[in-house]
Amino acid sequence: MEKENTYRLEMIEKYQAKFANAFRYLPWFEERLGERVVQNYNGADKPGNSVPIPVYDGTLLAFVKEMQRTGLFDRNYIYTYSRCKLKNAQDELQMIEQVEFKDIEIIFAIMAKYVLGGMTKGILWSQAVENGVFFHGLKKIKELLKKG
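Quick summary incoming for the structure in this document. What you are looking at is a predicted structure, and each value in this text was computed from that prediction instead of being measured. (Residues numbered from 1 in each chain as written. Predicted model: local features only at pLDDT ≥ 70, side-chain atom pairs only at ≥ 80, totals over all residues. Heavy atoms only, no water.)

## Things to note about the side chain of K140
Here is step 1 of the chain: Its place among the elements puts K140 in helix α8 (residues 133–147).
Here is step 2 of the chain: Its relative accessible area of 8% is what places K140 among the buried residues.
Here is step 3 of the chain: From its side chain, K140 meets the backbone oxygen of E97 in a polar contact 3.0 Å long. (Helix = DSSP H or I, 4+ residues; strand = E, 2+ residues; numbered from the N terminus. Buried < 20%, exposed > 50% of the residue type's maximum accessible area, 1.4 Å probe, protein only. Polar contact = N/O pair within 3.5 Å; in protein donor to acceptor, adjacent residues only side chain to side chain.)

## Looking at the environment of L9
Here is step 1 of the chain: Residue position: L9 is located in helix α1 (residues 2–19).
Here is step 2 of the chain: As for L9 and I123, which are separated by 114 residues in sequence, their C-alpha atoms are 37 Å apart.

## Here's the deal with the nonpolar core
Here is step 1 of the chain: Core analysis: the largest hydrophobic core is formed by 49 residues, its most contacted members being F19, F29, L60, F134 and L138.
Here is step 2 of the chain: Looking at this core, the element that brings in the most residues is helix α6 (residues 104–117), giving 11 residues.
Here is step 3 of the chain: Among residues more than four places away in sequence, those in contact with L138 are F19, A22, F23, Y25, L26, F29, F63 and M111. (Core = buried A, V, L, I, M, F, W, Y, C linked by side-chain atoms within 4.5 Å. Contact = heavy atoms within 4.5 Å.)

Here's what the structure looks like:
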């Protein structure tokens, strides 16, 4: 039992250190729940045809970089989605609400879908802000680390 508590405390310390800077984004995400945080630049000042380019909010890009630096997100999130039967944002938010500390990696997997997936499919970053996955995920992580 003592080893289990020691391990738990070590993990809490590890996660607190990795997420210490990330929690400052919570108010920003809360303000933007349900909003689109990407604009399209289509070169309106240039004559002729051009391809629209998504332009992301700087705060969102800083958050994504912060999450990548944690080293807690890996591309195997797909296995967690399969095991937990997650199909859509509703399922993801429901799962985030139910997670306890021992299963905190489920939140990391859900956020990984958006953080890592956004590197190739940028709209995922905006969706995670809009549907509240980043906000609720961070909020739950903070809550779990406080409970310890």
